[in-house]
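Secondary and tertiary structure notes
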Amino acid sequence: MTTRTRRSILAGTPATLGLAGLILSACGGDSGESAAPAAPATGGAPKGAPVKIGASVSTTGSNGKTGQYQVEAYQLWAEQINARGGLLGRPVEMVILDDQSDPTVGTKLYEKLINEDKVDLVLGPYSSGVTQAVSTVTEKYKYPMLSAGASASDIWKRNYKYVFGVYSVAESYFYGVIDLAKKNGLKTIAIINEDTVFPKATAAGTAEYARKEGFRIVFQEQYPTKVTDLSSLITKLKAAKPEVLVGGSYQPDSVLITRQAKELDLNVKMLAFSVGAAMPEFGEGLGKDADFIFGPSMWEPSLKTKGNSEFEASYKKKWNREPDYHSATGFAGGQILEAAVLKAKSLDREKIREALSTLEIETVLPGKYKVDDTGTQLSHIPVVIQWQGKDKPVIGPDAMATAKPKFPMPEWKSR
Amino acid sequence: MVTLVQVVVSGLLLGGVYALLAGGLTLIFGVMRVINLAHGEFLMLGAYASFFLFVRLGLNPILSLLISMPLMFGVGWIAQRLLISRVVRAPLLTSLLLTYGVSLALTGGAQATFTNDFRSVPFLSGALNIGEVAFSVPRLVACVTALVLTGAAQFFLARTRWGKALRATAQSADVALACGIDIDRARMIAFGIATALAGAAGTLTSFLYTVYPEMGKTFMLKAFAVIVLGGMGSFPGAFLGALVLGVIESTASYVTTTQIAEAVIYITLLAMLLLRPQGFFGLKEA
């Protein structure tokens, strides 16, 4: 099975190397600092057998909505790389499957991608739960994988050698929010989260960091997925009187928490949600009740990162909607893979693995791509957004801020 | 004390929404002995109908019921005529498979047509305070609407000619047929009403929760728990079961955690099946 893959790689080699040389010289060599290629057209139309890059992403199931952004980004990246001469001169062909948000299905699909579809390389799935499961498969077959849709640090605590983080670990999502709370003299915090891999990791990291920064955790509780009522939890929260409330949550529960907090008149000085708040639909669904709510974001369209405005414009043109940060992490995954292949100068997965572990490049994401020995992402910098009217400007860190934070959140009755 | 009252009030308001969904489910089971696994997807369709009527025409979701309920009645009527009628007398597994297939097809169709985007209707928010107890305005409106619709359906069943035909069909299809009742039509009416009620439940959830193609599944487990508590096939039983379940859920969430509350619901369900399998008002058979 593997021999066939190798043969197909060898078959393309002479032409490939020639073209690769061209591309590399055009890009200014293969130093670790070489930027992810954003400039178009080097070697003309790609030739030869396609480089098959496989991924399974949730486009149905509970994470289907977010996964869709990642798929669109993968496809946009493939289209752009083909337009500028392909990968090592060969066209890129994406093989994208749907794991229905189910980790078990995900593992089967990566087995299929590797053994049946015989893909040359893989890109990561969406969500920490699925990524954690499928990384055992990619590790087994020694396929380096950029985890472009996952951030729970558990993924990198297993001494795996073939999985690499694209953006910050889930544990650090709320660091910016806590820093801001501390700056404003707040002392108590409550943490609630859905009981699945990513929200749990977010909550655990937030609790640890908050304690370290001198906060007192006055309330902490988890709730199941598909929850239909959080009024009892909010009643308890009210009694605990936290100054800061953070929710390790996705979109539906973030909206539910906000609605029921208003109904039961739970007032806090700062309210923040992990995934839900950064999505445009959060503001559309809640109207002005979304105001003052904070959220971490891995990327924002307003950021002045390398190639960002081009990325946003081409994404909007191709998909007819605004990219979400999940689009940007997916696109960055492609950019990093491309840079690693160019650095390795081949599709040899061992060399690509080497390249990924030493590479240091700028992508559309804020900060840089640079991992430690475990593959954990170290240099990406999450930003904090806040809903202000119909916009959600970046309010931190200061160097990237486009607006000042509005603080504190007024009581519901006086809004 | 205030907190306890608050928890019970929240539970009752939650139960109101469950009631509307479970009412239709139990009606279908009562009249046809069919367990409709696609019921949650009818809720989803109703939610989308209200969402689009709100976004495109700015129509008040409660008023949009005047459009969406007849529409959903039609959907149910057609579904019964084309699909369900073929399996009414077949073994239970056949109808389970069929309705499960319908559920998958509707979810997939919705994903293709409406995309997986999360949507919600920014309609009503906040609470009405009586003393220190907060009555969530959107949930109160939903609960009252559910009460009115369930009452109307119960009136139809108990007091009208076609309601009587439905009940006769439920008791014994053969005897009803012998007495000259058009049982096929009675079943289409039953399925139509049930679907319209599910659609109405969808309208109510559209401004309480987030609308997306798979939202139906969130509520279906609860709806099944409700009809087991209330008694399979009993309409008033479903209403009582829903309120009881809502209160159990919110009380257990308060005393323990929301996670444990889920378990408490299913333990209650199990206990009911062991001690009183016919539920509060169920038919004492099967």
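Residues numbered from 1 in each chain as written. Chains lettered and ligands numbered in written order. Predicted model: local features only at pLDDT ≥ 70, side-chain atom pairs only at ≥ 80, totals over all residues.

The subject of this paragraph is the overall build of chain B. Scanning chain B from N- to C-terminus turns up 11 helices and two strands. Beginning at the N terminus, the succession of helices and strands in chain B can be written as α-α-α-α-β-β-α-α-α-α-α-α-α. Here chain B has a C-alpha radius of gyration of 19 Å; the compact-globule value for 286 residues is 19 Å, and the two agree. The principal-axis extents of the C-alpha atoms in chain B amount to approximately 60 × 50 × 35 Å. A total of 286 residues make up chain B; the buried ones form 53% of that total. Sequence-distant contacts, at least 24 apart, represent 78% of the contacts inside chain B between residues at least 6 apart. (Helix = DSSP H or I, 4+ residues; strand = E, 2+ residues; numbered from the N terminus. Rg over C-alpha atoms; globule rule 2.2 N^0.38 Å. Buried ≥ 20, exposed ≤ 12 C-beta atoms within 10 Å, placed from the backbone. Contact = placed C-beta atoms within 7 Å.)

Along the backbone of chain A there are 13 helices and 12 strands. Put simply, chain A has 415 residues, and 58% of those count as buried. Across chain A, every contact between residues at least 6 apart in sequence was considered, and the portion connecting residues at least 24 apart equals 70%.

Okay, helix α13 (residues 349–358) of chain A next. Helical geometry: 3.6 residues make up each α-helical turn, so side chains three or four residues apart lie on a common side. All names here are of chain A. Every buried residue of α13 is accounted for by Arg349, Ile352, Arg353, Ala355 and Leu356. All buried residues of α13 lie within an arc of 165° about the axis, which places them on one face of the element. Along α13, exposed side chains directed more than 90 degrees from the buried face belong to Glu350 and Thr358. Next to the buried residues of α13 lie β5 (163–165) and α12 (325–344). (Arc of directions from axis to C-beta.)

What follows concerns the environment of Gly283 of chain A. Residues and elements named next belong to chain A. Tracing the backbone through its elements, the reader meets Gly283 in helix α10 (residues 280–286). C-beta crowding within 10 Å serves as the criterion here: with 21 such atoms nearby, Gly283 is assigned to the buried category. Not counting the four nearest positions on each side in its chain, Gly283 is found in contact with Ala290, Trp387, Lys390 and Lys392.

We now examine the environment of Val228 of chain B. All names here are of chain B. Tracing the chain through its elements places Val228 in helix α9 (residues 215–230). For Val228, a count of 24 C-beta atoms within 10 Å gives the class buried. Placed 50 residues apart in sequence, Val228 and Gln278 show a C-alpha to C-alpha distance of 7.6 Å. Those residues in contact with Val228 that sit more than four places away from it in its chain are Leu269, Met272, Leu273 and Gly279.

Turning our attention to unusual backbone geometry. Residue Gly396 of chain A is joined to Pro397 of chain A through a cis peptide bond whose omega torsion reads -5°. Mapped onto the elements, Pro397 of chain A comes out in the segment after β12 (394–396). The omega torsion across Phe407 of chain A and Pro408 of chain A is -10°, close enough to zero to call that bond cis. Inspection of the secondary structure assignment puts Pro408 of chain A in the segment after β12. If you check the backbone angles, Arg33 of chain B has positive phi at about 55° while not being a glycine. Summarising the element assignment, Arg33 of chain B is placed in the loop between α1 (2–32) and α2 (39–57). Of the residues examined, Arg33 of chain B has 16 C-beta atoms within 10 Å and is grouped as partly exposed. A positive phi angle, close to 65°, is found at Thr115 of chain B, a residue other than glycine. Using a count of 15 C-beta atoms within 10 Å as the deciding quantity, one classes Thr115 of chain B as partly exposed.

Moving on, we come to the sheet that holds strand β3 (residues 121–122) of chain A. Pairing is parallel in the open sheet, where three strands are placed in the order β2-β1-β3 (chain A). Among the strands making up the open sheet, the edge pair consists of β2 (92–97) and β3 of chain A. (Pairing = 2+ DSSP bridges.)

Quick look at the packing of helix α5 (residues 137–159) of chain B against helix α10 (residues 235–255) of chain B now. All names here are of chain B. Their axes nearest at 10 Å, the elements α5 and α10 cross at an angle of 160°. One way to sum up the angle between α5 and α10 is to call them roughly antiparallel. Crossing hand, α5 versus α10: left-handed. Each of Thr150, Ala153, Gln154 and Leu157 in α5 lies in contact with α10, whose residues at this interface are Phe235, Pro236 and Phe239. Split by residue class, the contact of α5 with α10 holds five nonpolar, two polar and no charged. (Axes fitted to C-alpha atoms, helices over the stretch in contact; angles between N-to-C directions. Parallel < 35°, antiparallel > 145°, perpendicular 65-115°, else oblique. Left-handed = near helix turned anticlockwise from the far one by under 90°. Nonpolar A, V, L, I, M, F, W, Y, C, P; charged D, E, K, R; others polar.)

With that settled, the discussion passes to the domain arrangement of chain A. Many structure descriptions define interface size as the accessible area lost when the parts assemble. Residue and element names in this part refer to chain A. Per the domain assignment, the segments of chain A are domain 1 (2–168 + 302–358) and domain 2 (172–297 + 382–414). Tallying contributions element by element places helix α5 (residues 128–140) first for the side of domain 1 that touches domain 2, with three residues. Tallied by class, residues from the side of domain 1 that touches domain 2 come to three nonpolar, nine polar and three charged. (Domains from an automatic or database assignment.)

Right, let's talk about the interface of chain A and chain B for a bit. Each partner contributes residues to the interface: chain A has 34 residues there, and chain B has 32 residues. Where the side of chain A that touches chain B is concerned, the elements lending two or more residues are α3 (64–83), β7 (216–223), α8 (231–240), α9 (251–263) and α10 of chain A. Top contributing element to the side of chain A that touches chain B by residue count: α9 of chain A, with seven residues. Residue classes in the side of chain A that touches chain B are distributed as 10 nonpolar, 12 polar and 12 charged.

All right, on to the confidence of the model for chain B then. Across chain B, the average pLDDT comes to 89, with 98% of residues at or above 70. For this predicted complex, the interface confidence reaches an ipTM of 0.82, while the overall pTM sits at 0.78. (pLDDT = per-residue confidence, 0-100.)

For the rest of this paragraph, the subject is helix α3 (residues 61–82) of chain B. Residue and element names in this part refer to chain B. In this model α3 runs 30 Å from its N-terminal to its C-terminal C-alpha over 22 residues, within 8% of the 32 Å that 1.5 Å per residue would give. By the largest-angle criterion, Ile67 marks the main kink of α3, which is about 35°, and a proline, Pro70, follows within four residues. When α3 is considered as a whole, its buried residues turn out to be Pro61, Ser64, Leu65, Ser68, Met69, Met72, Phe73, Val75, Gly76, Trp77, Ala79 and Gln80. In this fold, the buried residues of α3 make contact with α2 and α8 (183–208). (Expected span 1.5 Å × (residues − 1). Bend = angle between axes of the 7 residues up to and from the residue.)

Here we come to the pairing of β2 of chain A. Residue and element names in this part refer to chain A. Alignment of strand β1 (residues 51–56) against β2, held across six bridges, turns out to be parallel. Note on β2: the bridge partner recorded for Ile53 is Met94. For the crossover from β1 across α3 to β2, the handedness is right-handed. (Right-handed = clockwise from strand over helix to strand, strands pointing away.)

In this model, chain A carries a mean pLDDT of 86, and residues with pLDDT of at least 70 account for 89%. Throughout residues 1–41 of chain A the model reports pLDDT below 50, and contacts reaching past four residues in sequence, or to other chains, amount to 67 contacts.

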